[in-house]
Structures are given as C-alpha cells and as structure tokens.
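Fold and geometry: a report
The residues making up each chain are set out below.
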Amino acid sequence: MSSAEFSGILFFSSVLAGLLGALTGLGGGVVIVPLLTLVFHVDIRYAIGASLVSVIATSSGAAAAYVREGFSNIRIGMFLEIATTLGAVFGAYLTTRVPTEAIGIVFGLVLLYSAVASYKGKHSNEGLLTTSGLAGMLRLRGSFPCEGKEVEYVAQRVPAGFGLMFSAGTLSGLLGIGSGAVKVLAMDQAMGLPFKVSTTTSNFMIGVTAAASAGIYLSRGYISPGLSMPVMLGVLAGSLTGAKILVHANVKTLRTVFAVVIVVMGIEMIINSVMGKL
Amino acid sequence: MQLTDEKLELAVGRTLQTGVLLAAVVVLIGGVMFLIHAPAGPRPDYSHFHGVAAHLRTPTGIWHGILRGDAESVIQLGLLLLIATPVVRVILAGVGFLMERDQLYAWVSVMVLAVLLYSLWHIQ
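None of the values given here were measured: they were computed from a predicted structure.

Scanning chain A from terminus to terminus reveals 11 helices and two strands. For chain A, the C-alpha radius of gyration of 18 Å lies close to 19 Å, the compact-globule estimate for 278 residues. Taken along the three principal axes of its C-alpha coordinates, chain A extends 60 × 40 × 30 Å. Classification of the 278 residues of chain A by burial places 58% in the buried group. Taking the contacts inside chain A whose residues are at least 6 apart along the sequence as the reference set, 81% of them involve residues at least 24 apart.

Looking only at helices and strands, chain B has four helices and zero strands in total. Reading the secondary structure of chain B in the N-to-C direction produces α-α-α-α. Computed over its C-alpha atoms, the radius of gyration of chain B comes to 19 Å, more than 25% above the 14 Å expected for a compact globule of 124 residues. For the C-alpha atoms alone, the extent of chain B along its principal axes is close to 60 × 30 × 25 Å. Counting over 124 residues, chain B shows a buried share of 40%. Taking contacts inside chain B between residues at least 6 apart in sequence as the whole, the part at least 24 apart equals 58%.

Within the fold, Thr 85 of chain B resides in helix 3 (residues 71-99). Expressed as a C-alpha distance, the spacing of Thr 85 of chain B and Tyr 46 of chain B, which sit 39 residues apart in the sequence, is 28 Å. Leaving out residues up to four positions away in the same chain, Thr 85 of chain B has contacts with Ser 60 and Gly 207 of chain A together with Leu 16, Gly 19 and Val 20 of chain B.

Let us look at the pairing of strand 2 (residues 149-154) of chain A. Residue and element names in this part refer to chain A. Sheet topology places strand 1 (residues 141-146) next to strand 2; six bridges connect them, and they run antiparallel. Among the inter-strand pairings, Cys 146 is bridged to a residue of strand 2, identified as Lys 149. What sits between the antiparallel neighbours strand 1 and strand 2 is a turn of two residues, in which Glu 147 has the positive phi angle 50 degrees.

Where the model shows low pLDDT, its predicted coordinates should not be examined in detail. Residues and elements named next belong to chain B. Scored by pLDDT, chain B has a mean of 89; 94% of the residues are at 70 or more. The least confident element of chain B is helix 1 (residues 2-37), whose mean pLDDT is 85; the most confident is helix 4 (residues 103-120), at 95. As a predicted assembly, this complex carries a pTM of 0.91 together with an ipTM value of 0.90.

Time to look at the packing of helix 5 (residues 100-117) of chain A against helix 11 (residues 252-274) of chain A. Residues and elements named next belong to chain A. Relative orientation of the contacting elements helix 5 and helix 11 amounts to 160 degrees, with a least axis distance of 8 Å. On the basis of their axis angle, the class for helix 5 and helix 11 is roughly antiparallel. Once helix 5 is placed against helix 11, the crossing between them reads as left-handed. Where helix 5 abuts helix 11, its residues Glu 101, Gly 104, Ile 105, Phe 107, Gly 108, Leu 111, Leu 112, Ser 114 and Ala 115 lie against Ala 259, Ile 262, Val 263, Met 265, Gly 266, Ile 267, Met 269, Ile 270, Asn 272 and Ser 273. Across the contact of helix 5 with helix 11, the residue classes break down as 12 nonpolar, six polar and one charged.

The next subject is unusual backbone geometry. Residues and elements named next belong to chain A. In this model, Arg 157 sits at a positive phi of 35 degrees, which is unusual for a non-glycine residue. With 17 C-beta atoms packed within 10 Å, Arg 157 lands in the partly exposed category. For Ser 179, which is not glycine, the phi torsion reads 45 degrees and is therefore positive. Looking at Ser 179, the number of C-beta atoms within 10 Å reads 36, which means it is buried.

All names here are of chain A. Spanning 18 residues, helix 7 (residues 158-175) covers 26 Å between terminal C-alpha atoms, matching the ideal 26 Å at 1.5 Å per step. Counting buried positions along helix 7 yields 13 of 18 residues, so the element is predominantly enclosed. Immediately beyond the C-terminal end of helix 7, within one or two residues, lies Gly 176, with a positive phi of roughly 70 degrees.

All right, on to the interface of chain B and chain A then. A common way to state how big an interface is: give the accessible area lost once the parts meet. Each partner contributes to the interface: chain B provides 55 residues, whereas chain A provides 52 residues. Those elements that place two or more of their residues in the side of chain B that touches chain A are helix 1, helix 3 and helix 4 of chain B. Broken down by element, the residue count for the side of chain B that touches chain A peaks at 17 residues, all from helix 1 of chain B.

This brings us to the packing of helix 1 (residues 3-24) of chain A against helix 10 (residues 225-245) of chain A. Residues and elements named next belong to chain A. Where helix 1 contacts helix 10, the two axes come as close as 6 Å, and the packing angle between them is 35 degrees. Once helix 1 is placed against helix 10, the crossing between them reads as right-handed. Here the contact of helix 1 with helix 10 is composed, by residue class, of 17 nonpolar, 11 polar and no charged.

This part is about the environment of His 37 of chain B. Mapped onto the fold, His 37 of chain B is located in helix 1. Linking His 37 of chain B and Gly 96 of chain B, residues 59 residues apart in sequence, is a C-alpha distance of 45 Å.

Take helix 11 of chain A next. Residues and elements named next belong to chain A. Over its 23 residues, helix 11 runs 33 Å from end to end, which matches the ideal 33 Å to within 8%, given 1.5 Å per residue. Among the residues making up helix 11, those that are buried are Phe 258, Ile 262, Met 265, Gly 266, Met 269, Ile 270 and Ser 273. Of the surrounding secondary structure, the elements contacted by the buried residues of helix 11 are helix 1, helix 2 (29-39) and helix 5. Of the residues one or two after helix 11, Gly 276 is the one with positive phi, at around 70 degrees.

Reading the values: the criteria
Residues numbered from 1 in each chain as written. Chains lettered and ligands numbered in written order. Predicted model: local features only at pLDDT ≥ 70, side-chain atom pairs only at ≥ 80, totals over all residues. Helix = DSSP H or I, 4+ residues; strand = E, 2+ residues; numbered from the N terminus. Rg over C-alpha atoms; globule rule 2.2 N^0.38 Å. Buried ≥ 20, exposed ≤ 12 C-beta atoms within 10 Å, placed from the backbone. Contact = placed C-beta atoms within 7 Å. Pairing = 2+ DSSP bridges. pLDDT = per-residue confidence, 0-100. Axes fitted to C-alpha atoms, helices over the stretch in contact; angles between N-to-C directions. Parallel < 35°, antiparallel > 145°, perpendicular 65-115°, else oblique. Left-handed = near helix turned anticlockwise from the far one by under 90°. Nonpolar A, V, L, I, M, F, W, Y, C, P; charged D, E, K, R; others polar. Expected span 1.5 Å × (residues − 1).

Right, here's the structure in full:
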C-alpha cells in the first residue's frame, strides 16, 4: 500500500469513527486507537498520539455549539480541570514507562466500561440543592434551562468528584482518549449534577485535559505527522457532520451497533495484549 | 453575572472554532505537500516504534523544517496550533473572570494554565 492509499483509507475510517462517535455520544477518539492497532497494525504509541490530537480537534471544534445550548458550567469545569490536567500529565508519564501490553489491557477495559456506561444508570436532569462547605466556598452551583423553566443545582461530594476527575485525566493521558465516560461519571453520579450539565461540561473539559499531555507526547516523538494528518482531519469532519445531523436522527439502533463494535474491540485489545501481539 | 458568563463563553467558543479551523487548514496544506512528495512504493512502517524524527519534536525544529519546505514540519505546525487552542481558552476564561472581578476563579485559571505550561515546557 502506498502512502496516498494508506492516508485515504485512514481518512475515511476516521470520518466514520467521528460520525458514529458524535451520533452516539460515545466520542470518536475511543475507537481510533483500536482501529489503528488492530486493523492497521500501528504501534500503540503512534496510535495514542494520533488519537489525542483528534480528541483536541473535536472538543475545541464543538465548543461554541455546546456553549450556545447554555448547559455547560464554566466555573465547575475550570475547577475540575485542575484535577484532570494534573492527572493527564501523570498519565502521559505513565505511558512512557508502562509496557505497551499493560496499556492495551487498560484500554480494553475502558472500552468495555464506555459501552456499558452508555446504557446503565438513570440519568436525572434534576438539580440537588444541599450546599456543603466546599461547594459553597467555591460557588460550584448554577442553573440551566429545562422544559421552559430554570433548574438550579449545587455540586455534591466535591472531593470524590475531584478525585474521579484526576483518574479521568490519568486515563486520558495514558490512552490518548477524551475519557468522557469517566468525566460524566464524576459529575453525574458522584457530584449529582444534572445529566445535561455533566455531558456538556465534560465535552468542554476534554480539550484542555488532552492538551496537558500533548506536550509530553510531542517531545517523546509519539505524534507522527503522516498518521495524525488523515486521522485528525477525518475525525474532525466526521464529528462536525455528526453534530449537525444529530437532531434529526433516531440513534437508538445505531447506539446499540456502535456499543457492540466497541465491546468486540475491547475484548480483542485485551486478548492481543495478553498474547503479546499488540 | 449569568449573561456576562454566557457572552464570554460564546466568544471563547468562537475563538476555539477559528483556531481549530486554522489548524486544520495548515494540516491540510502540509498533507497535500506530504502526499505529492511521498516516495513511490510502500507506506512507512508504523508497526515498530522509533519515535518521529528529532526535528519534528520541537517548535524550533519544526520552524527550520518549514523553511526547508519539509511537508511533515508543516503538518506538525498545524498540530501545534491545535494544541494551543485549549491553552488560549484557559487564558481567555481567566481574563474574563478578572473582568468580572472574580479573583477566586482567576486564580483557578492560573493554576490550570500552570499545569498546561509545565507540559508544554517539555517541547523546548
């Protein structure tokens, strides 16, 4: 295969990944690494570099759209970014020290979790109003429009949410993904924030988190221009198109199909890692 | 305060989109150059990790590469622009908090910025 053919195939696969990621809300970044390693036999470190770059592009590219909806909370996001960026720096260091087989196994487990998380749990859009010391001091509160009225909310269990966000950042830096599923877990489940606020604020935080490990990746030579070029352009084009058609599409079947694909990829990543073929 | 927040956020969001668009255009230009100059024959082997060439790992190296007309350096410049967009977002948000006289969150922004700069300091 020549460079041009390879770039072309990578571009179209990445468009598809970005499109499906945006439509299902699972994010395109999470399938880029398994796609590159399992299908195209790219070393996982180059794959992580290309994936991280595409994650930044998607998050920053969609930022204005999320803000316009009026759901994301800039103060809660900024406060939690202290945890995610520190975690991301830690994760990027881990990547350079941990054997690639271990990275592959962790990646497989995160894929399985992402697929399951998109189904389980009741997602409430109601706001809790109990104010603890930390949430009051840091003014971790807000309101958002829901079915014609303003819903007010206050963040609960702030230390637990902060800790989970550090883990989300570590996974992001270790695996080159946005780890949106863990960020939503921290805000929606631990901090009791309304679901819509959690997902949009998470999307907003992903780019900043990823940028915190990008410098370390670049200096270690993980970011290959030949690979990143088609992947970044493809995922960006796919996710922007996906966000535009999302309002008109019935995504329930698509979501199931994509979740199954992710589960299969997760299992395959774990098997290949254990057998030392990754 | 809510209204100012929203206006600020929207301005930040638009800045980010412009940054990403600019980065994508630079990457695309580099990509076209890359494919035109790509040697005939099989694609590079990515299955073994060596790390990319040293000049593609630092801003100075990338800049010298661009002056030589090196396509990979042009792509890498686009990726550097992309990595810079979230950093700009944190700076703009921090300035916004200052304008709202919210010292606490101006300091929170400074802390996030410090972590980002610590990471970017690696690529000197």
